[in-house]
Each structure stands twice: as structure tokens, then as C-alpha cells.
Amino acid sequence: MEITLTHYLLLAMVVFLTGMVGFVVRRNAIVMLMCVELMLSSVNIVFAAYSRFHGNADGHVFVLMNFAVAAAEAAIGLAILVEIYRRRRTVNVDDLKALME
Amino acid sequence: MEGILFWVCGILMVFGGLMMVVQRSAVVSAVWLIFAFVCAAGIFALLSAPFLAVMQILVYAGAIMVLFLFVIMMLQGPVLEGGRKRLALPMWPAVAVPPMAIAVMIIGYVKRHGTTGMGGPAPEGFGSPEHVAELLLGKYLLAFELISIVLLVAIIGALAVGKDERKLPWK
């Protein structure tokens, strides 16, 4: 069975939805950040698949940009989480509802 | 051969992602995420993007996950392990329905505009470091420079968030 572009797109979709469900289900803010990383990674697969499909490597450049954005996001997000933990002694999002009430 | 590798890497990647979501301990979740990222590197290699495969291992599975594991190590304790409330029953549809709706939409779209094959064999040297570098430092030079500003802002932001408020220069 030949592997087509569709297979790669569907794989990316399944991975993205896994990350999305994880983001909603988990209560630990660090794990939620990891789910966001998984979603970003699935987008990279779509970029690379279309790049390969069109024989045009422009998508690879954008995957590299995405790496930088993901690294920046992880650094800032984790810095914020460490600061929250210092003040509130928790990273459980159920306990962090100052903006919700 | 490509088919076997695709199914192995793809199924293992989805499995790694699922295990990350299911595991209760944050450390175990992080290790499963590294597993999923390594499988993603395999997918990149299959898509004739060897440079991206190497960068995926170096940046994602290496640098970013070390950062995560480091923070988990710093915040260790009862906060991270267990104590997770089970979802209230009425929330399950809210969790399950949107992904299924999106999946139905995407599968419908793909079936309608479905493609055959992968657009022929990849050109010679496609996705090699030379090929990507030519684009990155040629056509996309401006974007490449701008992404360094994004990283600079991220460094400053992380420092500003992490530093003791009383010692910030503008206080």
C-alpha cells in the first residue's frame, strides 16, 4: 500500500487532536505546556509533508522557524510557571482561578 | 519499505502522545513526549528532510525537553504527583465532541480533495542542509533575522519573569 500525502495529513491530525484532548483533560500546567508542544510538532509534520509533495523546500524553513517559536514558548511558559509556583506553591490549574472568579 | 517505516513511526508517535496524556506523573509524561518526538524525527526522515530530522532530535527531544525535565525536577514534590481530580461526568462530551467534529471535517475534506502518491520522487539533494541553508540565508534571510529577535525577546521576557521584582532595573 502506497503512502500518500493523505496519510501524513491524517497522522498529523491524530497527533494534534491527542495534544488538544490532553490540554483539556490534564490539570497540571507543565503537562498542558507539553501538550502544546505536541500540537506544534504535528503542524511541523504537515509543513514537511506538503514540502515533499510539491518538491519545494520552503516548508522546511518554516519548520525551523516553528522550532524557534516552540523553544521561546517553552522558555517563557516555564518561567511563568516557576514564578507561579514560587508565589502559590502549586501548578495545578484547578487552584489557579484568580482571573476566573 | 517506506510504508512499513511510516506505519511504525506513525503508530509509535501516536502511542507516545497518548501515553503522555494518560500518565499521571509529569516526569513519565515528559519521557513519553521525548519518545513521540523521536518518532516525529523518523517521519521527517521519511519525508526526505534529513536536516529537519536531526534538528528535531537536537532542539525538541534535546533542548526543549531538558528544559521541561529541569523545571519538573525543580518543582518536585506532592504537587506534581497524583492529586488530580477525575473529570466531572458532564465534561466528557465537551472533551470528546470537538475533536471528533474536527476529525470528521478534516477526513471529509481529505476524501474530497484526496491526493494520490507523493508527487514523484524527491529532487536530488532535497532537504539536505545545503538546500535548506540556501533558502534560509537567501530567500528567507529577513525571516531568519526576525526569528533571532523573537528569541532575544523570549530571553529578556524569561529573565524579567524569573527575576526578583525588587531588583528589576525599572523599579
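Residues numbered from 1 in each chain as written. Chains lettered and ligands numbered in written order. Predicted model: local features only at pLDDT ≥ 70, side-chain atom pairs only at ≥ 80, totals over all residues. Heavy atoms only, no water.

**Student:** Would you mind showing me how to read the nonpolar core here?
**Tutor:** A general feature of soluble globular proteins is that nonpolar side chains tend to end up buried together. With 70 residues, the main nonpolar core has Tyr8 and Met34 of chain A together with Ile43 and Phe68 of chain B as its most contacted residues. If you list the elements that add at least two residues to this core, you get helix H1 (5-25), helix H2 (29-54) and helix H3 (58-88) of chain A together with helix H1 (2-22), helix H2 (26-46), helix H3 (50-74) and helix H5 (129-136) of chain B. Core analysis: the second largest hydrophobic core is formed by 5 residues, Met13, Leu17 and Met20 of chain A together with Ala103 of chain B among them. (Core = buried A, V, L, I, M, F, W, Y, C linked by side-chain atoms within 4.5 Å. Buried < 20%, exposed > 50% of the residue type's maximum accessible area, 1.4 Å probe, protein only. Helix = DSSP H or I, 4+ residues; strand = E, 2+ residues; numbered from the N terminus.)

**Student:** Is there a simple way to explain the pattern of salt bridges in this structure?
**Tutor:** Between side chains of opposite charge, a pair can form when the charged atoms approach closely. Per the stated rule, a full pass over the model turns up 3 salt bridges over all chains. Asp58 of chain A is the partner of Lys139 of chain B in a salt bridge, and the nearest nitrogen-oxygen pair spans 2.7 Å. Of the two residues, Lys139 of chain B is situated in the loop between H5 and helix H6 (141-162) and Asp58 of chain A in helix H3; the pairing between them involves two chains. When its relative accessible area of 57% is taken as the criterion, Lys139 of chain B is described as exposed. Among the ionic pairs, Arg87 of chain A bridges to Glu83 of chain A, the shortest N-O distance being 3.2 Å. (Salt bridge = Lys/Arg side-chain N within 4 Å of Asp/Glu carboxyl O.)

**Student:** I would appreciate a short explanation of the packing of aromatic side chains in the present structure.
**Tutor:** To describe a pair of aromatic rings, one takes the distance between the centres and the angle between the planes. Under the counting rule described, the total for this entry stands at 8 aromatic pairs over all chains. Ring geometry for Phe62 of chain A versus Tyr140 of chain B: centroids 5.3 Å apart, planes at 75°, classification edge-to-face. Highlighted residues: Phe62 of chain A in helix H3 and Tyr140 of chain B in the loop between H5 and H6, drawn from two different chains. On the basis of relative accessible area, Tyr140 of chain B is assigned to the buried category, the value being 16%. When the ring of Phe37 of chain B is compared with that of Tyr60 of chain B, the centres are 4.5 Å apart and the planes differ by 50°; the resulting orientation is tilted. Taken together, the residues span a long stretch of sequence, with Phe37 of chain B in helix H2 and Tyr60 of chain B in helix H3 at a distance of 23 residues. Classification of Phe37 of chain B by relative accessible area gives buried; the value is 0%. Of the residues examined, Tyr60 of chain B reaches a relative accessible area of 0% and is grouped as buried. Ring pairing ties together the aromatic residues Tyr8 of chain A together with Phe6 and Trp7 of chain B, which thus form one cluster. (Phe/Tyr/Trp six-rings, centres within 6.5 Å; stacked < 30°, edge-to-face > 60°.)

**Student:** What should I look at first to understand the interface of chain B and chain A in this one?
**Tutor:** How big an interface is tends to be stated in terms of the accessible area lost upon association of its parts. Every contact between the two is made by 87 residues of chain B and, on the other side, 71 residues of chain A. At the boundary of chain B with chain A, total buried surface from both sides reaches about 6,700 Å², with 79% on carbon and sulfur atoms. The largest share of the area that chain B buries against chain A comes from Tyr60, Phe68 and Met118 of chain B, three residues that together contribute 10% of it. Run the count over chain B and chain A and you get 1 salt bridge. (Contact = heavy atoms within 4.5 Å. Buried area = accessible area lost by both parts, 1.4 Å probe.)

**Student:** What's the story with H2 of chain A in this structure? I'm lost.
**Tutor:** What sets the pattern is the α-helix's 3.6 residues per turn: residues three or four places apart point alike. All names here are of chain A. Taking 1.5 Å of rise per residue, 26 residues should cover 38 Å, and H2 covers 38 Å from first to last C-alpha, within 8% of that figure. Buried residues dominate H2, accounting for 20 of its 26 residues. Near the N-terminus of H2, the side chain that reaches the backbone nitrogen of Ile30, with its oxygen 3.0 Å away, is that of Asn28. Positioned one or two residues after H2, Gly55 has a phi angle of 60°, which is positive. (Expected span 1.5 Å × (residues − 1). Polar contact = N/O pair within 3.5 Å; in protein donor to acceptor, adjacent residues only side chain to side chain.)

**Student:** Just checking my understanding: could you explain the confidence of the model for chain B for this structure?
**Tutor:** Low-confidence regions, as indicated by low pLDDT, have predicted coordinates that should not be scrutinised in detail. Summarising the model, chain B shows a mean pLDDT of 83, and 86% of its residues fall at 70 or more. This prediction of the complex comes with two scores: 0.87 for pTM and 0.92 for ipTM. (pLDDT = per-residue confidence, 0-100.)

**Student:** When you look at H1 of chain B in this model, what are you seeing that I'm missing?
**Tutor:** Over its 21 residues, H1 of chain B runs 30 Å from end to end, which matches the ideal 30 Å to within 8%, given 1.5 Å per residue. Of the positions making up H1 of chain B, those classed as buried are Gly3, Phe6, Cys9, Gly10, Met13, Val14, Gly16, Gly17, Met20 and Val21 of chain B. Buried positions along H1 of chain B lie against H1 and H2 of chain A together with H2 of chain B.

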